[in-house]
Structure formats: structure tokens, C-alpha cells
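Coordinate inspection notes
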Amino acid sequence: MPELPEVEVTRRGVAPYLEGRVVSAVTLRHEGLRWPFPADLDRRICGHRIRITRRRGKYLLIEFDHGTLIVHLGMSGHLRVLPKDTPPQKHDHFDMEVDDQVLRMTDPRRFGAVLWHGREDGAIDEHLLLRGLGVEPLEEAFSAQLLYRQTRKRSAAIKQVLLAGDIVVGVGNIYASESLFKAGINPKTAASRIGLARYEKLVTAIRETLAAAIAKGGSTLRDFMAVNGQPGYFQQSYFVYDRADQPCRVCGGLVRQLKQGQRSTFYCPNCQK
Ligand code: ZN
């Protein structure tokens, strides 16, 4: 499943082909993905110039003067920029032509989304899907003080609090396990019982983990131009994630797996207290 680093790498990959350019055509090959495609999408954006691209959590925002196209990759989606005459494949549901290229969305499981938010509907950050999102983990607003302050009354496990996304967005299942390992914090610890010093370590670990994943993904950027290549989500070597019963890379003890809110958590009981 694409997480924040994949979405950010996707944004960086497609931005040079979109920003400052005018949309010439839109093709929809399905009635919708997770939700129906917006009515009259071609009429809304054809002939309009794309100002910038942004990312908020796992949402890619393609901004025009008169509104914003919101794209979410869901469970299995990806975006590529291809020559305009590239024949579509089975799961290619959305095309947006820009100059002689096409931005193409492939989404086999169709949990992704393409939505339109007109300027007349208000500020994009107030959109129903965006307004409850916490701060961006790579921006300055994310700090140990913020985590500390907002968890004084949260008795839920820290892993669950990170995944909830209302304090900080984009720390998904993989990166929560990895960051808690690097910070030496047991994922079952009640968020309210973690002090400022440990939150300092956690913030640093989250920033480093996400930044490293983005840097790693950056090396696959040219895949966004490949006609036949399927840009797989980056395979990385993890400290604990998906390593149940294997030796911890730091202490040699066995990595354990547990379920927290239906999601698997991986941790080292020796290294994480
Ligand atoms: Zn260990």
C-alpha cells in the first residue's frame, strides 16, 4: 500500500510534467474508483493551467486557479507520466493529457480516488477528507512538544496514536513500527506515559525514517516515465517490520509480532522498553 514516502516520490516524479502546463483532455474508463469520478471533470479542468502540486498526508493535490484535483492512490494505485499515444492497460482508469504526455492512474483494486474541489467550495484544507488531518511529519510544526501536549490524556498505545493520524499524518503501519524501534519505545506503551525526552527521540526517528524512504524512492523516479515498467513500491530493509521471529539487527534477540487494532506490529522487546 502506498504510504507517505511513495506519495511524495510520486508527487516529485510527476510535478515537472504538470506544473505550469495546460490540461488538454481527460479520459475516464470506469465510473469511478472508491467514489464516482466527478461529473463533467473534463469540462472543469480542460483548458486550465495547473499551478502547483502539493501533498497533504497521502493525498496528492493538483492545484488550479479555480480549484484542486485531489488524488489518492488507495491500496494499489500508482501514477505515471507516459507519451500520449501509449495504449491503456486493463486497470488504467484515469488519464489527464498535458501537452504531449498523459498522466495515467492505474488502480487494480479501485480503492483510490480522484475528486474535484472547486474554489467556490472554500479552502482546500477545509475539505472533508483533509480538515481532520494532523500536522505533516516533515514540517516544523511536528515536534516533541506537540506530541507530548496532545497525548497527556491519551491512554491508547503509542503505535495506535501514531496511526490515528489526528496528531501527525502519514506515519503508516510500516513507519510506525520502524520509528518506535529506532526510538527504543515499546509500541504498547500508553501515549500518556511517554515523557518529553522520549518524544524527542521519536520525532527524530520518524523524520529520519520517512526521509530515508523518500530518498530511497527518489532513485526510482525515472520509472514514472517507463512505458512498460511497473513502479513497485520501494523494497527496503527494515529493522523490525515483517521480521517476526528473526534476530533483531541490534541485539540479536527475536523480533516479535502482535496485533494492535487489526494491524500487525513488529518490535524487539529487548531494545524497546
Ligand atoms: Zn533488539
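Described below are features of the structure shown in this document. (Residues numbered from 1 in each chain as written. Predicted model: local features only at pLDDT ≥ 70, side-chain atom pairs only at ≥ 80, totals over all residues. Heavy atoms only, no water.)

Some points on the sheet that holds strand S1 (residues 23-28)
Read across the open sheet, the four strands follow the order S1-S6-S7-S5; overall the sheet is antiparallel. The sheet terminates laterally at S1 and strand S5 (78-83), the two strands that pair on one side only. Taking each pair of neighbouring strands and ignoring which way they run, the sheet shows an average axis angle of 20°. (Pairing = 2+ DSSP bridges. Helix = DSSP H or I, 4+ residues; strand = E, 2+ residues; numbered from the N terminus. Axes fitted to C-alpha atoms, helices over the stretch in contact; angles between N-to-C directions.)

Focus: the pairing of strand S8 (residues 113-118)
In terms of residue burial, S8 counts as a mostly covered element, since six of its six residues are buried. Burial along S8 is two-sided: the residues Ala113, Leu115 and His117 and Val114, Trp116 and Gly118 are all buried. When strand S4 (residues 67-72) meets S8, the two strands line up antiparallel, connected through six bridges. Across the sheet, the residue bridging to Gly67 is Gly118, located in S8. (Buried < 20%, exposed > 50% of the residue type's maximum accessible area, 1.4 Å probe, protein only.)

Here's the deal with the nonpolar core
Membership of the largest hydrophobic core comes to 33 residues, with the highest contact counts inside it found for Ile158, Leu162, Tyr199 and Leu202. Secondary-structure elements contributing two or more residues to this core are helix H3 (144-150), helix H4 (158-164), helix H5 (173-183) and helix H6 (196-218). Counting residues per element, this core draws most heavily on H6, at seven residues. Apart from the residues within four sequence positions on either side, Leu202 is in contact with Leu147, Ile158, Leu162, Ser179, Leu180, Ala183 and Ile185. With 25 residues, the next largest nonpolar core counts Leu69, Leu73, Met96 and Trp116 among its residues. (Core = buried A, V, L, I, M, F, W, Y, C linked by side-chain atoms within 4.5 Å. Contact = heavy atoms within 4.5 Å.)

Description of the coordination of the zinc ion
Of the protein atoms, only Cys248 (SG), Cys251 (SG), Cys268 (SG) and Cys271 (SG) coordinate the zinc ion, at distances of 2.2 to 2.4 Å. Each donor residue of the zinc ion lies on the same chain, and together they follow the pattern C-x2-C-x16-C-x2-C. Residue Cys251 is found in the loop between H6 and strand S9 (256-260), and its partner Cys268 is found in the segment after strand S10 (263-267); the two are separated by 17 residues along the sequence. (Donors = N, O, S within 2.8 Å, 3.2 Å for Na, K, Ca; no water.)

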